[in-house]
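Each chain, written out:
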Amino acid sequence: QDSEGRPDIKTSVLRTNDRVSEENLQAFLSEIKPGSIRIKGYLNLDNGKVMAVQSVYEQMELKPIKNYQGPSELILFNDELTVKELRNIFKKYKSS
């Protein structure tokens, strides 16, 4: 399929019931950020908090949110990572 001059960008979705520590969240995001045009979603932390993630190119914002009940969901627009690679990276950082 011809992209008509647009960059070849992959969209990956991570949906999981696993949790991550705040420290590991930072490390996880640092690992997936290079090559990412956009990252957005909600991640459940192991301390019971939920963080909203908004990232566009080099700007990233993390905000604790209330009243979200559901799995962690992260959408990534990236020119390199596949869904499988995204899941494997997350597994390194998730809480046991």
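Above this note sits the structure.
Here goes a summary of the coordinates provided. Position numbers for residues count from 1 along each chain, tracking the sequence in the order it is written. It should be noted that, the model being predicted, local features are given only for residues of pLDDT at least 70 and side-chain atom pairs only at 80 or more, the latter also being counted only at that level, while totals for whole chains, interfaces and linings use all residues. Side-chain numbers here rest on the full set of heavy atoms in the structure, without hydrogens or water.

The next thing to look at is the pairing of strand β3 (residues 50-56). Relative accessibility decides the category of a residue: with a 1.4 Å probe and only protein chains considered, values under 20% of the type maximum give buried, values over 50% give exposed, and everything between is partly exposed. Counting from the N terminus, the helices are the DSSP runs of H or I reaching at least four residues and the strands are the DSSP runs of E reaching at least two. When you tally the buried positions in β3, you get five out of seven residues, the bulk of the element. By the bridge criterion, seven bridges tie strand β2 (residues 36-44) to β3 in an arrangement that is antiparallel. Among the inter-strand pairings, Arg-38 is bridged to a residue of β3, identified as Val-56. What sits between β2 and β3 in their antiparallel hairpin is a turn of five residues, with Gly-48 showing a positive phi close to 95 degrees. Here, a strand pair is defined by DSSP locating no fewer than two bridges between the strands. As defined by bridge partners, β3 adjoins strand β4 (residues 59-65) across seven bridges and the pair is classed as antiparallel. From the neighbouring strand, Met-51 faces β4, where its bridge partner is Pro-64. Taken together, β3 and the strand that follows it, β4, pair antiparallel across an intervening segment of two residues, in which Tyr-57 is found at a positive phi of about 50 degrees.

A word on the nonpolar core. Leu-25, Phe-28, Ile-32 and Leu-74 are the most contacted members of the largest nonpolar core, which totals 18 residues. When residues of this core are traced back to their parent elements, those giving at least two are α1 (22-32), β2, β3, β5 (72-78) and α2 (83-93). In what follows, residue pairs with any heavy atoms lying within 4.5 Å of each other are defined as contacts. Among all residues touching Ile-32, those that are not within four sequence positions of it are Ile-39, Leu-74, Leu-76, Asn-78, Leu-81, Leu-86 and Ile-89. Think of a nonpolar core as a cluster: buried Ala, Val, Leu, Ile, Met, Phe, Trp, Tyr and Cys residues, connected wherever their side-chain atoms sit within 4.5 Å.

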